[in-house]
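Working through the structure, step by step
The chain contents come next:
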Amino acid sequence: MTGMQDTIVFVSITNGWKITHRQLQCDGLTEQADHQLKLQTGYVACADHQNPGLGRQCTKSCTSADTTFDSVGVLGTLILSGKSNNSWCRLFVWFDGYSVGGTLTSGRGIGGRASVRRAVLKMRRFATERVKRLLFGSLLASRSPPSASLCSSPAAAAMDPAAGVVTVDTINPKVLKCEYAVRGEIVSHAQRLQQELQNKPGSHPFDEILYCNIGNPQSLGQQPVTFFREVLALCDHPPLLDKSETHALFSADAIARAWQILDVIPGRATGAYSHSQGIKGLRDAIAAGIADRDGFPTNPDDIFLTDGASPAVHMMMQLLIRSEKDGILCPIPQYPLYSASIALHGGSLVPYYLDESTGWGLEISELKKQLEDARSKGITVRALVVINPGNPTGQVLAEENQREIVNFCKNEGLVLLADEVYQENIYVDDKKFNSFKKITRSMGYGDDDVPLVSFQSVSKGYYGECGKRGGYMEITGFNAEVREQIYKVASVNLCSNVSGQILASLVMNPPKVGDESYESFNAEKNGILSTLARRAKALEDAFNSLEGVTCNKAEGAMYLFPCLRLPQKAIAAAKAVNAAPDGFYARRLLDATGIVVVPGSGFGQVPGTWHVRCTILPQEDKIPAIISRLKAFHEAFTEEFRD
């Protein structure tokens, strides 16, 4: 046999680096070529994912042009050796998204080994995390001058100008890991269809896209609350307050509220930066609103105004997560903000499953089971996320259940992260919203007893001001040193937008009995909530009328999360196109009807079950058309894939 050589790459792996995969690429191989890749480490998994132990080898022969080896390795020295016959091969090994490799070139005869090259690479995994050093050296070649390349590592960019281009292989792998299904592939496809309908009307079997994928009320026709918008308009253009005709156009209490707000804004400038925690006078107003809601006092210094609730969630994940060994208990199904935020900040999501058979109940026994399981794996669980009312599940927690949750967090030393952005969206007479702040205080716990972070937003409720990006978090149970760090993180972002701050203060302090706007405000509020309740009931009944579909009642929030019992043929068809079965269903529904729903797989679900999330937000006069399209599609889909 001619033209054969060995090339060995020695890689010292620092503790904590993970080998995600390896790849061997070759050109010109034939069936007769003597070619193999040997993997030898101190500890590395073979192709069957079993640990062979110290000093053992995994050997795989191939004759194809591209062979991928999947395994996970942790610590030791990795030796890659390859043999090629009248060809070249490249060996690559990936470490958490980075790769190193060498090129094998053929020579004449088996010959002796010639030159040695050594390179020391300093690879920084992330600027804010520990530096991990990867030593790469010793490319041994025969008579031909060796050609070595280092691919996809930060150090390689300095050696190879072409490697400086940003690609998906060189960006932060945490970004690749994070997903947000609410605006995922289904929605992107819907936007393409919408553009096609605009460019070529009649090109699809529907004339409009009906977005039932996201809680964005005003995009679907909900009107803003008059009082809130009047105050915002006056605050954003104070000269209106000096005009005589303003009193004919705006209510007296809106004018008075605008003056009150402007008086607490430095320079009456809504276009200026504010205090990083939010304007003090607006935090005072929000604190008063929380105290009025709960019956317990609130400290304005506990409130951090944010651009909606999402930045507040990110801020807390940034604070709590130190490494992948820190975990956050999250409900499954969950709002994908949480899984995405945990992934971006490098933590571990610890799932606890809501019980669909009991109306998406939250069982303490399930929390304990998942907590113990995570701890047995070496994960330090830092916090528990509770979404009440539920998203995407729509349940409203009973007061006794909330007390159990508070005691669980107290006993286990967990921060309670209470997502309460749907607190105004309650549609059943036998349930009401109770904040976790109210529950903890009613149990006799003080400010320092249970670390609690409560999130609120102007995007939901009856107001639906998503685009104004207003919200806040109230933090209690954190010591002064930690609060300083939270404030520091808030300061990095300078401040939230002032219009959103104003709106948050209005949401927590709407017109009261005796105010000029009270009756009209109350009519608008009740009108919005009552129509949402009717829409929820109509869609719930429609889903339950479909073959193989069951849907729990939407007690609150803005969504239904029906369970789909799909035929095996449909599941097989989904697998054939590399799609989740509920994603396959949602895509077919969109293509046939223009209705946009989100696959349940984007929220998490019990393995082997399939769901979709559907909002109740399309205007009431469109609900009958949605139901008729949905029924026609589901009947056709079921017949097409009937087992």
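Here's a quick rundown of the structure. In this text, all values refer to a predicted model and were calculated from it rather than measured experimentally.

Glancing now at the pairing of strand β24 (residues 610-615). Regular strands show a simple pattern: their side chains alternate between the two faces of the sheet. Among the six residues that make up β24, six are buried, leaving the element largely enclosed by the rest of the structure. By the alternation rule, side chains of β24 split into W610, V612 and C614 and H611, R613 and T615, which are all buried. The sheet contact formed by strand β20 (residues 559-560) and β24 spans two bridges and is antiparallel. Counterpart to Y559 in the pairing with β24 is T615. Two elements, strand β21 (residues 563-564) and β24, share two bridges in a ladder whose sense is antiparallel. From the neighbouring strand, L564 faces β24, where its bridge partner is W610.

What follows is about the sheet that holds strand β16 (residues 415-419). Spatially, the seven strands line up as an open sheet ordered β12-β18-β17-β16-β15-β13-β14, and their pairing is mixed. At either margin of the open sheet sits one strand with a lone partner, and together these are β12 (303-306) and β14 (348-353). Each strand of the sheet is rotated relative to its neighbour by a mean of 20°, with strand direction disregarded. Two elements, strand β13 (residues 326-332) and β14, share six bridges in a ladder whose sense is parallel. The partner of L329 across the bridge, within β14, is V350. Packed on one face of the sheet, helix α8 (residues 309-320) meets β12, β13, β15 (380-387), β16, β17 (452-457) and β18 (471-476) and runs near 155° to β17.

This part covers the pairing of β15. Of all the eight residues making up β15, six are buried; the element is thus mostly covered by neighbouring parts of the structure. Relative to β15, β13 runs parallel, the two sharing four bridges. Opposite D326, over in β15, you have T380 as the bridge partner. Pairing analysis gives five bridges linking β15 to β16, with the strands arranged parallel. Of the residues in β16, the one forming a bridge with V386 is A418. Between β15 and its parallel partner β16, the chain crosses via helix α11 (residues 399-412), and the hand of that crossover is right-handed.

Our focus in this paragraph is the packing of helix α10 (residues 364-376) against α11. Remark: α10 packs on α11, axes separated minimally by 11 Å, with the N-to-C direction vectors making an angle of 25°. When the axis of α10 is compared with that of α11, the two are roughly parallel. When the axes of α10 and α11 are compared, the crossing they make is right-handed. Residues I364, L367, K368, L371 and R375 of α10 touch α11, and the partners they reach there are E404, I405, F408 and E412. When its residues are assigned to classes, the contact of α10 with α11 shows five nonpolar, no polar and four charged.

Judged by nonpolar contacts, the single largest core of 114 residues is most densely connected at F228, L417, F455 and M473. Tallying contributions element by element places helix α15 (residues 518-544) first for this core, with eight residues. Once residues lying within four places of it in the same chain are set aside, the contact partners of M473 are D302, I303, F304, A312, M315, M316, V453, S454, F455 and I486. Counting residues in hydrophobic clusters, the runner-up holds 30 residues, among them V350, Y352, L362 and F408.

Next up on the list: the pattern of salt bridges. Using the criterion set out here, one finds 24 salt bridges in the structure. The salt bridge partner of D263 is R268, with a shortest N-O separation of 2.7 Å. Note that D541 and K537 form a salt bridge whose closest N and O atoms lie 2.8 Å from each other. With D541 and K537 both in helix α15, this residue pair falls four residues apart, about one helical turn.

What follows deals with unusual backbone geometry. Here the amide bond leading from I332 into P333 is cis, since omega sits at 5°, within 30 degrees of zero. Omega for the peptide link from N391 to P392 comes to 15°, which places this bond in the cis form. Of note in this structure, N578 is not a glycine but carries a positive phi near 60°. Secondary-structure assignment places N578 in the loop between α16 (568-576) and α17 (581-593).

Conventions adopted
- Residues numbered from 1 in each chain as written.
- Predicted model: local features only at pLDDT ≥ 70, side-chain atom pairs only at ≥ 80, totals over all residues.
- Heavy atoms only, no water.
- Buried < 20%, exposed > 50% of the residue type's maximum accessible area, 1.4 Å probe, protein only.
- Helix = DSSP H or I, 4+ residues; strand = E, 2+ residues; numbered from the N terminus.
- Pairing = 2+ DSSP bridges.
- Axes fitted to C-alpha atoms, helices over the stretch in contact; angles between N-to-C directions.
- Contact = heavy atoms within 4.5 Å.
- Right-handed = clockwise from strand over helix to strand, strands pointing away.
- Parallel < 35°, antiparallel > 145°, perpendicular 65-115°, else oblique.
- Left-handed = near helix turned anticlockwise from the far one by under 90°.
- Nonpolar A, V, L, I, M, F, W, Y, C, P; charged D, E, K, R; others polar.
- Core = buried A, V, L, I, M, F, W, Y, C linked by side-chain atoms within 4.5 Å.
- Salt bridge = Lys/Arg side-chain N within 4 Å of Asp/Glu carboxyl O.

Geometry only, nothing functional implied.
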